[in-house]
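# Summary of structural features
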There are 2 protein chains.
Amino acid sequence: MRVDVQTTNQSYQVLIEPGIITRAGEEIKKAAPASSYLIIVDENVATTYLSIFLASFEQEIPYYVVPSGEASKSFSQYESLLDYCLQIKLDRSSVILAFGGGVVGDLAGFVAGTYMRGIRFVQIPTTLLAHDSSVGGKVAINLADGKNMVGVFHQPELVLYDPNVLKTLPEKEWRSGFAEIVKMGFIADRAFFEWLHLEVTDLKAIKQETLIQFIAKAVQLKAAIVQQDEREDNVRALLNFGHTLGHAIEAELGYGAITHGEAIAIGMRFAIRLGNRILSHSIDGSSFEKWFETLGYSLNVPPELSATSLLTRMKVDKKASYQNFVMVLLDQVGQAKVYNVAVDDAMLVLKQELGES
Amino acid sequence: MRVDVQTTNQSYQVLIEPGIITRAGEEIKKAAPASSYLIIVDENVATTYLSIFLASFEQEIPYYVVPSGEASKSFSQYESLLDYCLQIKLDRSSVILAFGGGVVGDLAGFVAGTYMRGIRFVQIPTTLLAHDSSVGGKVAINLADGKNMVGVFHQPELVLYDPNVLKTLPEKEWRSGFAEIVKMGFIADRAFFEWLHLEVTDLKAIKQETLIQFIAKAVQLKAAIVQQDEREDNVRALLNFGHTLGHAIEAELGYGAITHGEAIAIGMRFAIRLGNRILSHSIDGSSFEKWFETLGYSLNVPPELSATSLLTRMKVDKKASYQNFVMVLLDQVGQAKVYNVAVDDAMLVLKQELGES
Ligand SMILES: NC(=O)c1ccc[n+]([C@@H]2O[C@H](COP(=O)([O-])OP(=O)(O)OC[C@H]3O[C@@H](n4cnc5c(N)ncnc54)[C@H](O)[C@@H]3O)[C@@H](O)[C@H]2O)c1
Ligand SMILES: NC(=O)c1ccc[n+]([C@@H]2O[C@H](COP(=O)([O-])OP(=O)(O)OC[C@H]3O[C@@H](n4cnc5c(N)ncnc54)[C@H](O)[C@@H]3O)[C@@H](O)[C@H]2O)c1
Ligand SMILES: [Zn+2]
Ligand SMILES: [Zn+2]
């Protein structure tokens, strides 16, 4: 399966194919020929897949192993990686290969986007969630007080997605990625949402065929949105459905305590409930909630968190300006819109979610 | 005096005008209206000019003082600044004001280019050398082992150049900036070179009129080159005349031991002499050398440096690929070209410069 992604200045392919990492070298040399490469790889991915990946190249390729987890999107990892690039003499014609989940994609992408003011890179996503980071060109690291606060837009030359690699993913990582897949249905494609609901009843037993199909579909839907609006002033904002509260939860719990997608799932339930309160129409959230609970999600806002702290974070989320508190809500399943939300309304619903009212 | 600079996606003005910092607020609000600003300012500049600059705004503007010197283009300054941006809640519609020399321009520009994946910025250059950094959109910080190795391309919204501010510059900083002005003549405009030679005989006694004129001319010439080639694959490389050896000298001495332009002046003499050795034509370098010595430049390669170490650095300069050792040489005064240089030839001339042969 192949999806073409068009960006302002170039276009690239997302190849979704079981076993593709066994011939990654070939594909990479075709799409991004270079005198030298550097693999930046997640430590868990390195253990299981690095040797297969390396074997697909004819020459030796240097690699740099990044500790697993969000904490790696730090200034110190960023600086160490850049030092390493220089040490092994990567030059402006070199290519960085990001082999891992969203963490490695974002970190390696930001290294590629800034080393010598930008060199090429290729993504080889190894998590389900990384279907999301492989389209859109956003790369970033975190500030101590703000996730993804520092970054650039930098498009990959190629994305190689091997569904076989996902087999070793822990279940919570399946949930993390699947929430973003479902989000695409929520904001952009009702039929897709309903097909997913029908097709996916157990995250441990997804048919390969189904998996490839929904990854491709989610990539296509995201690509369509991003193409309309590469710099996120407009429709791209819709991708933040579930993210305003989701990000706040991640930050309050400390990054890594909950997966991104699991936090976003909580944020989606909240956004639906808030929409039902403040908009003139209402959406049946309960079948979504039941489905997600069957899949193992916990949709309650973690009770140890305070509504006030969460709301403070939601207002300073970089997607909100400080004057207006904006959030993405659903007009219907398959269609989202940015709304101005009164802080009082958000507070009320949030307190209900927390059982505080 | 006003120069318009055209970039791929936008255009901006460089206003060169005595006293313009006293009404900077007004100009900035016109060209880059924003809900919030942050001034990033060099400590020496802050002492003398910050109050005047601040007074030109109606509201209070937060500022962040950066220690003077190249060492500030570091990861730790970069990270602290980004933390500060978040702390004072700069958002995507905020504007950063870079008030200082090239160091502050590069650092603040990289902060602006990456904070929230890029916000707007304005340059208020306070050194003669910064005429150079105010055009071209290159912003960067240094790795421990490589100058300007990490950065992006990020264009300012406006450049405000106040020649009055240059009065307090130490003499070596005049030499630093003036070398780059002369470089523009060398590579792109013989008449300009000759006019400079005639007009400037003492860096402490430049007429205001002359100063404004040559800043504007240098900015125009650089803008013309950059417009042809925004991403430095082609003619932009010519701007590196004098820089291959110059950068190596700066790095070997330790950043800050010699000013950028003084190192480039040494590099220009070397490039002329090397050209005279390996090209079929030859250029009269001696009148340039005498002129520059009168102006207080020391054109000898610092004798404590070794030819071998310098050459190693010259080969790994990011403007050179590792296979080919390229350098900008002059075909004549006013016209430069990129040449392949044999390491042996470069070594020979370098040893002569060092009196080692
Ligand atoms: N740039 C974007 O547009 C974008 C979009 C969405 C998310 N993100 C970012 O992505 C990050 C989250 O991505 P993620 O969920 O992939 O996290 P991740 O990269 O941390 O991976 C999750 C966990 O799975 C492990 N892992 C990865 N691949 C594996 C495999 N094949 N088998 C077994 N274990 C494996 C990792 O070691 C890690 O422990 C966040 O930092 C988020 O900000 C970016
Ligand atoms: N981005 C680009 O295209 C580009 C081009 C050329 C140079 N640069 C960078 O610029 C830097 C050098 O710039 P620079 O020479 O302006 O150095 P700088 O910013 O360090 O300034 C030189 C010295 O002058 C002081 N100073 C600044 N303004 C003053 C004033 N008005 N009066 C008195 N003192 C003043 C500073 O405190 C400093 O000590 C280097 O880091 C170089 O890499 C970038
Ligand atoms: Zn997300
Ligand atoms: Zn220079």
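Quick look at the structure, then. Just so we're clear, the structure is a prediction, and the values are computed from it rather than from any experiment.

Another point: the coordination of the zinc ion (ligand 4). Geometry reference: four tetrahedral donors at a metal, ideal angle 109.5 degrees. Six octahedral donors, ideal angles 90 or 180 degrees. Residues and elements named next belong to chain B. Binding of the zinc ion (ligand 4) to the protein goes through Glu180 (OE), His243 (NE2) and His260 (NE2), at separations of 1.9 to 2.1 Å. Read from N- to C-terminus, the donor residues coordinating the zinc ion (ligand 4) fall into the pattern E-x62-H-x16-H. Here His243 is found in helix H9 (residues 243–253), whereas its partner His260 is found in helix H10 (residues 260–278), with 17 residues between them in sequence. When its relative accessible area of 6% is taken as the criterion, His243 is described as buried.

Residue and element names in this part refer to chain A. Of all the six residues making up strand E6 (residues 120–125), five are buried; the element is thus mostly covered by neighbouring parts of the structure. Examined bridge by bridge, strand E5 (residues 95–100) and E6 share six bridges and lie parallel to one another. Bridge pairing in E6 links Gly100 to Pro125. Since E5 and E6 lie parallel, the crossover through helix H4 (residues 102–114) that links them has a hand, and here it is right-handed. Bridge count for E6 against strand E9 (residues 158–161) is two bridges, and the pairing is parallel. If you follow Gln123 over to E9, its bridge partner there is Val159.

Take the site of ligand 1 next. All names here are of chain A. The local shell around ligand 1 holds 25 residues, among which Asp42, Glu70, Gly102, Thr127 and Thr168 are the closest. Asp106 has a polar side-chain atom sitting 2.8 Å from a nitrogen atom of ligand 1. One of the side-chain nitrogen or oxygen atoms of Thr127 is found 2.6 Å away from an oxygen atom of ligand 1. Relative to its free-state accessible area of 850 Å², ligand 1 is covered by the protein chains to the extent of 90%. Of all the elements in the fold, those that place two or more residues in the shell around ligand 1 are helix H2 (43–55), H4, helix H5 (130–133) and strand E8 (146–153). Considered class by class, the residues forming the shell around ligand 1 number seven nonpolar, nine polar and nine charged.

What counts as what
- Residues numbered from 1 in each chain as written.
- Chains lettered and ligands numbered in written order.
- Predicted model: local features only at pLDDT ≥ 70, side-chain atom pairs only at ≥ 80, totals over all residues.
- Heavy atoms only, no water.
- Donors = N, O, S within 2.8 Å, 3.2 Å for Na, K, Ca; no water.
- Helix = DSSP H or I, 4+ residues; strand = E, 2+ residues; numbered from the N terminus.
- Buried < 20%, exposed > 50% of the residue type's maximum accessible area, 1.4 Å probe, protein only.
- Pairing = 2+ DSSP bridges.
- Right-handed = clockwise from strand over helix to strand, strands pointing away.
- Near = heavy atom within 4 Å.
- Polar contact = N/O pair within 3.5 Å; in protein donor to acceptor, adjacent residues only side chain to side chain.
- Areas by Shrake-Rupley, 256 points an atom, 1.4 Å probe, with all protein chains shown as cover.
- Nonpolar A, V, L, I, M, F, W, Y, C, P; charged D, E, K, R; others polar.

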